[in-house]
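Listed below are the residues making up each chain.
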Amino acid sequence: MRINHNISAQLANVNLKKTNRKMSATLESLSSGYKINKAADDSAGLAISNKMRAQIRALDQASRNAGDGESLLQTAEGSLNEIESLIQRMRELSVQAANDTNATSDRKAMQEEIDALMDEVDRIASTTEFNGKGLLDGSSSRAVTFDTNGFTDVSLSSGVHSGNYEVEVIQQATIAEGKLTYTIPSTGTANYKINGETITLSSSDTETEAYDKILTVCSYLGIEVDGSPYSGSLDLSTKAKGSKQFIEVEDATGTVISKDKGEDCMVKPVTGFSDGVMCRGNGESVILRDNSGFEMQLSIDEDVTVGTKTEITVYDAGAMKLQIGANESQNMSIDLQAISCASLEFREIDGTNKVNVCSSQGAQNAMSVFDAAINTISSYRSQLGAYTNRLESTVASLDVSSENITESMSRIMDTDMATAMTQYTQENVLSQAATSMLAQANNRPQTIMSLLQG
């Protein structure tokens, strides 16, 4: 029997310490709810769970990003809805103006309303924003460059892929021109017509008064007048260009003495286009499209001569990108087209009206222009709707992924309370037993006193 080293007490103490450490870990697990509270608890599990946590947080943020994208698209679609309502009203006015029960002053009032509505279309398109970013002004559409000055991109459909395209100008846009020869009647009145609108000259009119009457009607019709009020002969020309611009002049006998029509700018596809691409001009604008959804609209300045070739480069850059995934390059491009009176073919790039309803024929022409614009807006809204539906599916998918990964991480990180409580109970009993045995072991050397007292 030894008294210097109480081996039994040391063994009991070692086991008590082990049990206490285990019980402390179990208590930490029970109180925090986590099975892994520090790297020593499960180094591999900690590394795996941290990667999962990063993925979960990224998925949740991507879901919020997609939700923001939906809000952005709804903002753009709401503005397009209002623009479409304005165009519907303009078409209604053009139908009204086509009726010959209207006087020139009536049609002038309708044209003034149409002009105001077109200004509002441009205002809405230029001011529609989401978080400071323009949505319909072309600032969020793909970048395009030209190797020749005088070409301007107006809009690209989503069917236009990045790459190089070459076109050749084969016809330049022209104005319509005409000539009015008139005389002030010696007695009574004489009626002249320009584009169907009557100008009544009276024997009491002076040269200046007769000239003012002609000038007033021509200003309504978007026609410029050149010549002296005293010559009795005036040169007429339309302000806008294109095949929808016309001048028809009738003399006092009802005979057509001058008739002319403008021409649209036209280009020939050279390289980069499909075999089925078609070209349609409207004034200085030209649209190239095919049945695959490809549509490229260009505006060509009058300084560009026939025979000029230009290379058009369309880039992937410029479109708005939504980060809709948790990892690099998991994004979605949204190409928001530019909407304006120029892209809708209501006006030239410089603001000159292509639409004029101050004559019956002009009102008839306006109907087809507004019909095409309504189709363009409807198609664009449909595209935004498709983007929105895709984002809704994306949000649902991201939320499911986040839920499933969270479930996996929970199995690694979270405490199984039933198992932990069972383990704690076991360790508590062992701790009490070890404490009791340590007390017994500490009392054993006392038996040596009986030998020493012998």
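Quick look at the structure, then.

Reading the values: the criteria
- Residues numbered from 1 in each chain as written.
- Predicted model: local features only at pLDDT ≥ 70, side-chain atom pairs only at ≥ 80, totals over all residues.
- Heavy atoms only, no water.
- Helix = DSSP H or I, 4+ residues; strand = E, 2+ residues; numbered from the N terminus.
- Rg over C-alpha atoms; globule rule 2.2 N^0.38 Å.
- Contact = heavy atoms within 4.5 Å.
- Areas by Shrake-Rupley, 256 points an atom, 1.4 Å probe, with all protein chains shown as cover.
- Lys, Arg positive; Asp, Glu negative; His and termini not counted.
- Charge placed at Lys NZ, Arg CZ, Asp CG, Glu CD.
- Salt bridge = Lys/Arg side-chain N within 4 Å of Asp/Glu carboxyl O.
- Buried < 20%, exposed > 50% of the residue type's maximum accessible area, 1.4 Å probe, protein only.
- Pairing = 2+ DSSP bridges.
- Axes fitted to C-alpha atoms, helices over the stretch in contact; angles between N-to-C directions.
- Parallel < 35°, antiparallel > 145°, perpendicular 65-115°, else oblique.
- Left-handed = near helix turned anticlockwise from the far one by under 90°.
- Nonpolar A, V, L, I, M, F, W, Y, C, P; charged D, E, K, R; others polar.
- Core = buried A, V, L, I, M, F, W, Y, C linked by side-chain atoms within 4.5 Å.
- Polar contact = N/O pair within 3.5 Å; in protein donor to acceptor, adjacent residues only side chain to side chain.
- Patch = residues over 30% accessible without salt bridge, like charges linked within 9 Å, V, L, I, M, F, W, Y side chains within 5 Å.
- Expected span 1.5 Å × (residues − 1).

## Here's the deal with the overall build of the chain
- Regarding its fold elements, the chain presents seven helices and 19 strands.
- Relative to the globule expectation of 22 Å for 454 residues, the C-alpha radius of gyration of the chain, 42 Å, shows a markedly less compact shape.
- Expressed along its principal axes, the backbone C-alpha trace of the chain runs to roughly 165 × 45 × 30 Å.
- When contacts within the chain are restricted to residue pairs at least 6 apart in sequence, those whose partners lie at least 24 apart make up 69%.
- Element-wise, carbon and sulfur atoms account for 48% of the exposed surface of the chain, whose accessible area totals about 23000 Å².
- Distance between charge centroids for the chain: 16 Å, based on 37 positive and 61 negative side chains.

## Details of the pattern of salt bridges
- Summed over the entire model, instances satisfying the criterion amount to 22 salt bridges.
- For Glu168, the salt bridge goes to Lys268, with nearest N and O atoms at 3.6 Å. Of this pair, Glu168 sits in strand E5 (residues 163-171) while Lys268 sits in strand E13 (residues 266-271); the two residues are 100 residues apart in sequence, bridging distant segments of the chain.
- For Glu168, a relative accessible area of 16% corresponds to the buried category.
- Relative accessible area serves as the criterion here: at 40%, Lys268 is assigned to the partly exposed category.

## Re the pairing of strand E9 (residues 223-226)
- Every second residue of E9 is oriented toward a common face, the buried set being Ile223 and Val225 and the non-buried set Glu224 and Asp226.
- Examined bridge by bridge, E9 and strand E10 (residues 233-238) share four bridges and lie antiparallel to one another. Each bridged residue has a counterpart across the sheet, and for Val225 the counterpart in E10 is Leu236.
- Counted between consecutive antiparallel strands, the loop separating E9 from E10 contains six residues, among which Gly227 sits at a positive phi close to 145°.

## A word on the packing of helix H2 (residues 43-97) against helix H5 (residues 360-413)
- Where H2 meets H5, the axes come as close as 7 Å, and the angle between the chain directions of the two elements is 165°. Taken together, the axis directions place H2 and H5 in an arrangement best described as roughly antiparallel. Considering the relative orientation of H2 and H5, their crossing is left-handed.
- For the contact of H2 with H5, the per-class residue count stands at 31 nonpolar, 17 polar and 10 charged.

## Re the sheet that holds E13
- Ordered by their spatial adjacency, four strands build an open sheet running E3-E17-E5-E13, and the pairing between neighbours is antiparallel. Of all strands in the sheet, those bounded by a partner on one side alone are strand E3 (144-146) and E13. Looking at each pair of strands side by side, their axes are set apart by 30° on average, direction ignored.
- Bridge count between E5 and strand E17 (residues 309-314): six bridges; the pairing is antiparallel. In the sheet register, Gly163 faces E17, and the bridge partner there is Val314.

## Here we look at unusual backbone geometry
- A positive phi angle is found at Asn131, which is not glycine, with a value near 55°.
- Along the chain, Asn131 turns up in the loop between strand E1 (129-130) and strand E2 (133-134).
- Backbone geometry places Glu345, a non-glycine residue, at a positive phi of 70°.
- As for its position among the elements, Glu345 is in the loop between strand E19 (331-334) and H5.

## Some words on the nonpolar core
- Counting residues in hydrophobic clusters, the biggest one holds 46 residues, and the most contacted among them are Ile87, Met90, Leu136, Leu336, Ile339 and Phe346.
- Mapped by element, the contributors of at least two residues to this core are H2, helix H3 (104-127), strand E18 (320-323), E19 and H5.
- It is H5 that provides the largest number of residues to this core, a total of 13 residues.
- Residues in contact with Leu136, not counting those within four places in the same chain, are Ala76, Ser79, Leu80, Ile83, Ala125, Thr128, Gln337, Ala338, Ile339 and Tyr380.

## Re the environment of Leu16
- Examined against the element boundaries, Leu16 turns out to sit in helix H1 (residues 7-32).
- Taking the relative accessible area as the measure of exposure, Leu16 reaches 12% and is therefore buried.
- Placed 419 residues apart in sequence, Leu16 and Thr435 show a C-alpha to C-alpha distance of 6.6 Å.
- Leaving out residues up to four positions away in the same chain, Leu16 has contacts with Ser431, Ala434, Thr435 and Leu438.

## Section: the sheet that holds strand E4 (residues 151-156)
- With antiparallel pairing, four strands are arranged side by side in an open sheet as E4-E16-E15-E14. A strand with exactly one partner marks an edge of an open sheet, and here the two such strands are E4 and strand E14 (278-282). Each strand of the sheet is rotated relative to its neighbour by a mean of 25°, with strand direction disregarded.
- Bridge count between E14 and strand E15 (residues 285-289): five bridges; the pairing is antiparallel. Across the sheet, the residue bridging to Cys279 is Leu288, located in E15.

## Some details on the environment of Asp260
- Take Asp260: it is sitting in strand E12 (residues 256-261).
- As for Asp260 and Ser243, which are separated by 17 residues in sequence, their C-alpha atoms are 9.8 Å apart.
- Dropping the residues within four chain positions of it, Asp260 is found in contact with Ile175, Ala176, Glu177, Gln245, Phe246 and Ile247.
- Within the structure, the side chain of Asp260 is placed 2.7 Å from the backbone nitrogen of Glu177, a separation counted as a polar contact.

## Here we look at a positive patch on the surface
- Taken together, the side chains of Lys17, Lys18, Arg21 and Lys22 define a basic patch exposed on the protein surface.
- Overall, the relative accessible area of 47% leaves Lys17 in the partly exposed class.

## Observations concerning H1
- The end-to-end C-alpha distance of H1, which contains 26 residues, comes to 38 Å, matching closely the 38 Å that a straight helix rising 1.5 Å per residue would cover.
- Within H1, the full set of buried residues consists of Ala9, Ala12, Leu16, Thr19, Met23, Thr26, Ser29 and Leu30.
- The secondary structure elements touched by the buried residues of H1 are helix H6 (417-443).
- Two residues or fewer past H1, Gly33 is found with a positive phi of approximately 85°.

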